[in-house]
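Listed here are the chains, written in short residue letters.
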Amino acid sequence: MAHTEWKDAPGLPDFSLLKRLARDQLIFLLEQQHEVDKLYKVELKPIVSSSDQLCFLIRPRIQTVKWISDLVNADKVAGRFRRYKIIFTPQKFYACETVLEEQGVYGDVTTDEWNFYILPLDDDILSLELPEFFRDNFLEGDQRWVTTAGSALRLLQSVYGSFSKVYGIGRCAKMVYESWRELMEDGEQRTRQPEFAKVFLVDRDVDFVTPLCSQVVYEGLVDDLFRIKCGSVEFGPDVTSSDKSIKVMLNSQDKVFSEIRNEHFSNVFGFLSQKAKNLQTAYDKRRGMDIQQMKAFVADELKGLKQEHRLLSLHIGASESMMKKKTKQDFQELLKTEHSLLEGFEIRECITYIEEHINRQVSMIDSLRLLCLLSITENGLLSKDYRSLKAQYLQSYGIEHLLTFANLRQLGLLEEQQAGETLTVMESKVGKLVNDKTVGKLTDAFSSLAKKSNFRALSKRLALVPKSGEEYDLRVPRDMAYVFSGAYIPLSCKLIEQVLERDGWTGMEEVTRMLNGQEFAVTARNKTDAQRIVLVMFLGGCTFSEISALRFLGKERGTYYLKQME
Amino acid sequence: FVAYRGQTELLGPLRKIELYEMGWNLKDGLRECLVAAAPYGGPIALLKGHYRRSPSARPQLEIYSSSGLPLASFPWKSGVVKQLGWTVSDDLLCVQEDGTVLVYDLWGGFKRHFSMGNEVSQSQVLETKIFHSPYGTGVAILTGALRFTLATNIDDIKLRRLPEVPGLQEAPSCWAVLTQDRQSKVLVANGSQLFILDNTACTPVTPPGLSPQASSIVHMCVSFSYKYLALLTDSGHVWMGTSNLKEKLSEVDTKIKTPPKQMAWCRRPKSQQPSAVVMWDGLLIVVGECKETIQYHLDDDSVLVPELDGVRIISGTHHELLQEVPGACEEIFKIASMAPGALLLEAHKEYEKESQKADEYLREIKEQSLLSEAVRQCVEAAGHEHEPETQKTLLRAASFGKCFLSNFPPEQFVSMCRDLRVLNAVRDYTVGIPLTHTQFKQMTVQVLIDRLVYRKLYPLAIEVCRYLKTPEYQGVSRVLKHWACYKVQQKEESDEVIAKAVSVKLADAAGISYSEIATKAYESGRTELAIKLLEFEPRSGEQVPLLLKMKKSPLALSKAIESGDTDLVYTVVMYLKNELNRGDFFMMLRNQPVALSLYKQFCKHQEQDTLKDLFNQDDDHEELGNFYVKASYKDQRLEARVALLQSAVDEYYKAKNDFSAKTTEDEMRLLRFQRKLEEEKDEQLVGFSLQDTMTTLLSVGLHKHAEQLYKDFRVPDKRFWWLKLKALAEKEDWEELEKFGKTKKSPIGYLPFVEVCIKHHNKYEAKKYVSKVTPEQKVKAHLAVGDMEGAAEAAIERRNESEISTVLSRCSATTDHLLMERLNRAKATAVKK
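- Going by what an unreviewed UniProt entry lists, chain B is known as Vacuolar protein sorting-associated protein 16 homolog and is assigned to Cyprinus carpio.
- The Function (unreviewed entry) comment attached to chain B in UniProt states, word for word, "Plays a role in vesicle-mediated protein trafficking to lysosomal compartments including the endocytic membrane transport and autophagic pathways. Believed to act as a core component of the putative HOPS and CORVET endosomal tethering complexes."
- Under Sequence similarities (unreviewed entry), UniProt gives the following word-for-word description of chain B: "Belongs to the VPS16 family."

- For chain A, the name recorded in an unreviewed UniProt entry is VPS33B late endosome and lysosome associated, with Cyprinus carpio as its organism.
- On record in UniProt, under Sequence similarities (unreviewed entry), the comment for chain A is "Belongs to the STXBP/unc-18/SEC1 family."

**Some thoughts on unusual backbone geometry**
Here is step 1: Omega for the peptide link from A:Thr89 to A:Pro90 comes to 0°, which places this bond in the cis form.
Here is step 2: The phi torsion at B:Lys469 lies on the positive side, around 55°, for a residue other than glycine.
Here is step 3: Structurally, B:Lys469 can be placed in the loop between helix H9 (458-467) and helix H10 (476-487).

**Digging into helix H8 (residues 437-454) of chain B**
Residue and element names in this part refer to chain B.
Here is step 1: Over its 18 residues, H8 extends only 21 Å from the first C-alpha to the last, a length that falls short of the 26 Å expected when each residue adds 1.5 Å.
Here is step 2: The largest bend in H8 comes to about 95°, at Thr 444.
Here is step 3: Residues of H8 that are buried include every one of His 437, Thr 438, Gln 439, Phe 440, Met 443, Leu 448, Ile 449, Arg 451, Leu 452, Val 453 and Tyr 454, and no others.
Here is step 4: If you follow the buried residues of H8, they end up packed against strand E10 (110-115), strand E27 (302-307), helix H5 (371-384), helix H7 (411-427), H9 and H10.
Here is step 5: Taken from the residues just after H8, Lys 456 is the one with a positive phi, measuring 60°.

**Considering the interface of chain A and chain B**
Here is step 1: In this assembly, 43 residues from chain A lie in contact with 40 residues from chain B.
Here is step 2: On the chain A side of the contact with chain B, A:Tyr94, A:Gln395 and A:Ile399 bury the most area, a combined 18% of that side's loss.
Here is step 3: Across the chain A-chain B interface, the total number found is 1 salt bridge.
Here is step 4: Across the salt bridge formed by A:Glu102 and B:Lys577, the nearest N and O atoms sit 2.9 Å from each other.

**Describing the sheet that holds strand E23 (residues 262-265) of chain B**
All names here are of chain B.
Here is step 1: Taken together, the 4 strands give an open sheet; going across it, the order is E23-E24-E25-E26, and neighbouring strands pair in antiparallel fashion. Here the strands that pair on one side only, and so sit at the sheet edges, are E23 and strand E26 (293-297). Pairs of neighbouring strands in the sheet enclose a mean axial angle of 20°, with direction left out of account.
Here is step 2: Strand direction decides the pairing type here: strand E24 (residues 276-280) and strand E25 (residues 283-287), joined by 5 bridges, are antiparallel. Its bridge partner lying in E25, Val 278 is registered against Ile 285.

Conventions and cut-offs
- Residues take numbers from 1 onward in each chain, read along the sequence in its written order.
- Here every chain gets a letter starting at A, and every ligand a number starting at 1, in the order they are written.
- The model is predicted, so local features are restricted to residues of pLDDT at least 70 and side-chain atom pairs to those at 80 or more, both for listing and for counting; the totals for chains, interfaces and linings are taken over all residues.
- Calculated side-chain values reflect all of the structure's heavy atoms, with hydrogen atoms and water omitted.
- UniProt positions are given in the numbering used here, feature names are shortened, and annotations may be inferred rather than shown by experiment.
- Helix and strand assignments come from DSSP, with helices taken as H or I runs of at least 4 residues and strands as E runs of at least 2, each series counted from the N terminus.
- Multiplying one less than the number of residues by 1.5 Å gives the expected span of a helix.
- Axes are fitted to the seven residues ending at a residue and to the seven starting at it; the angle between these axes is taken as the bend at that residue.
- The rule is simple: take the accessible area with a 1.4 Å probe, protein chains only, and divide by the maximum for that residue type; under 20% is buried, over 50% is exposed, in between is partly exposed.
- Contacts between residues were defined by any pair of non-hydrogen atoms, one from each residue, lying within 4.5 Å.
- Note: buried area is the sum, over both parts, of the accessible area (probe 1.4 Å) each one loses when the two are combined.
- Basic side-chain nitrogens of Lys or Arg form a salt bridge, by our definition, when they fall within 4 Å of a carboxyl oxygen of Asp or Glu.
- Here the rule is simple: two strands pair whenever DSSP picks up at least two bridges between them.
- In this analysis an axis means a line fitted to C-alpha atoms, helices contributing only their contacting stretch, and an angle means the value between N-to-C directions, from 0 to 180 degrees.

Quick look at the structure:
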């Protein structure tokens, strides 16, 4: 892990404290319920239980509350009398109560709050586990989670001391900061040795490009293929090479995983085979042992080896499964297209590739991902392309995706260029003179004349895309670009690096202007530079590639980056 | 030797301190008055002319401070009052004959009233006692039906009717309320019989060792702490014991057989000596452990007020405190006392006289190494003294003694100085709260500040807070808030003046809630002032509830949005939804996009139709179109789906979104087509995407229909070719595939043909297409079918270095030796070029 590299690297705060706090509160809440008989997942279906009281532990979602209301009403119709309690976590929303009221069950249900804000997923990852944050905040414009994020920061501050500096960029980041500041003013200040030095708040919509790229770091790949949920993953039968699925916790406790999680995929296999050899050697030690040594071996080492063995075979299984899926021609071409888009070369070819991708129905999500990446790097699609690609997509996956496209447009992820009208006239005129292919190239030329792509300019200014042609040795990463095979440095991470280096936003005016501003940097009163731990909070989620990139940065700078995501 | 100054009288083990000469001017003293004085030096209420029951002369209710300064006075217009009493928070309770209890504040303002129940109002109140317990202030009533009704806490009234007392024919001779085992009970004497009444039972009890001459218990009283009980019998004996009636402390004969006016305990906490005070007209008798009683003459009608550490005696002219002499004071002031404190005081006196005797006294204390004890005694005694001069003398002596001690902890001395300063300030005649140090400690600073605030003594309260360094949040800010709440109710001043005054005073105080003050202003009917005050509230979230209450909905909505708290916005929106008519509600939302979008979200789950109306109102045809599309795929019935899609089409056209409209029309056509085929061919199709429909059709061999879709829906050639290619390969219908490949030139080239055959492990078929592949892809095609020679041939022909390398990497050194040589040669030439 990163901190071993640096002699006086700060140790990380003990996050188990957060877990204990939350657990105690929950136990307190549940104790009022007497004995818990059975746990159910809240769904819209009748609960078969003879118990005369039901307790629901839910996120404050309107949908879920509605389900519960229906359940209560169903019980009423059936003449069953039960007591119901809803525990909202992390907080109760008025809208949920309104739903209870409108469904006529307000009087039948008692409610409570369980203020569980932060789930420590790993030594250096905290999470609010609010998947709806992104949708609510960026799509629906519902800022309900802003105060939640603010309260989470306040909790961290009250447990681990105050931060000396806060940076941020984005509208939501600003609001979270405001809400946090207000909370701090309300409560009493506690002075103690702070464990975090700085906080960096970043909105997800500041950098949409990074999460749109295919991940090639091991942990990222595991997430893309198997979906990591709450720090654990379920490996299917193809990985476990048995007929059962296995659920595995993925964190630094897993010795094998912690060594490969941040590695580029191309290195992983070599590493795993080396590891397997080492393991074999360790096993082989027992040959030629006498009884006494054997006894010691069994007592001290065997268990560790067995454990490692089990993990190793799992990860080898996972890698094989990745290999199968990802080294295929398709994946290589997908990566090639992504890199072209990031670099801004051969856009026409990319569009053709995307079209084929849609036509062949390779993957519903990947196609959309490519479309978005195209739109963002090119500042929107030409009307002609937009319509044809959209039509193709709808033919492939059904008309209901009209709504998907409407949502993506709302988010600014997939847009149609508006100013293109005049160009199309030109284009058609020119088109009569020359053949098809040239038209495409000319169109590209015209559109780049018409407007400057923000991403291109940003990428140039921050040197996000390393010069092509140079060899990039993925074994010895030179910069954060290694998380994308050396083709691209995540914008979000680059921003963080730059701001921390400059201790503020000075000198980056051009960049922030292109990112729609909303940046801020606040110094707290009590300035202590003793600790170098930096908390990075992604509002709206972050990818494992970004985490790996930040770990790399931490290793380089002897700073600890702590990540928090929604 | 120091003796007590004029105002303190020593009565054996007791002392009587004159607190105040009363500031009131009562013509008839306390005669014919109903009197109630609150403990802890609280206010005094008088109901004058109460016994004259003529309708013409209304009784007058007057409220005074402990020093007799008038606080309120008004004619009593309600029913007949049976009893007055004070709550723990200095509110006046007036219990009427019909069981109604009226609550007034210190200033005579009516607060509320409550009833003690139907049963009480029917049988009327006979007697009432107001008592304090850890649960608050309680009221106990003896009704005309000789039953007891009890409420333990008047702020949370739960009436309890106690069981009947057996054999009770007329009003009991006396009774009292006890608090035992976390329960309030009533002790009743019926003649010589004693009963304890609790919630469930009436238990007869006998006090141990009660002298047998007594035929009736005529009076009883319980100590302040409810631990001790005193009984007075008709034979004139006072029995004293614990209130659980397990232990007798003493019994004394007063030799007076007439019933007394009042009886009270006079005892300080932790004292060993029991003593009670019995009052008759003009006579006060203190009974203690010994047979002797202390008699004391009273000039005037008086009232006894039991306190934690003594009894206050209020008469028409004077206010005195009777208490046991505190231990420290006794030690020091006893004649010829040799206690260390006494010696230290003496030493200091000599020192002031610059006499060497000071040294002698000091040495005497030090020899016994009792100097720290001496200092402690002096400090403690100072706390119990009421005269500032005496306090000073004792404290000076303590300070003097401290000089000779190296490591005496200063806290006790310092805090005593502070406490005394505060106590002297509140004991002042103008304030009139005669607290003793013991009471002050029991009551806490917080409560004292509350009382000062309640008496509107804001400057003094702030001084006290600052002086005692109370945290701002609980101290100064709280006082200021109360001040502001009072200020906003002053009708004579204009809104601007008050708002300004409040903001100036409260500007730098921490933790002030302006919304609370504004609420007060609103409650006293000053809406404009409330709005002005709310402007000062830094947290916009706090402003919202009041604004709603004041019906300032637009302002409330914009403040809620400003606060960024979605929940708050929802609160306002839901309130408005119920409050306004639909049109106005929509109009208001229209001006607030944030609120509108939130409401839309809510509607998405709860009220689909409202959502539609909202879009309609905004002429948002695009969203309406989306809405119908969404609705369509939720509906199961085809007719409904088509109808909904038609609506969507209309909306999209209105929104000038031709693309969506066309697509939706296509979808309708597709649905109809699917339906038709489903009926004809019995194949599940409805709801599939175009692609899936075609795939299904091809896979079941309905090529014609697939072709039809391909033409009707202008499916791009490439897509259709891919689709058909895959479908045919899936079925392994190689013949059809070959035919298909020959229909026309493949728009996707022939490499996919090769690949798809290989995928289905048919090398033979794959080879058929290799020749058709474009030159650029030839190498790949050959490699795919495993034809190394062909691949090499193609690569060499194309003289493409990288392709040659690719082929090379696939060759195995053992079998393709010759080939590799050729390739290497070709590579060399290719590089040269």
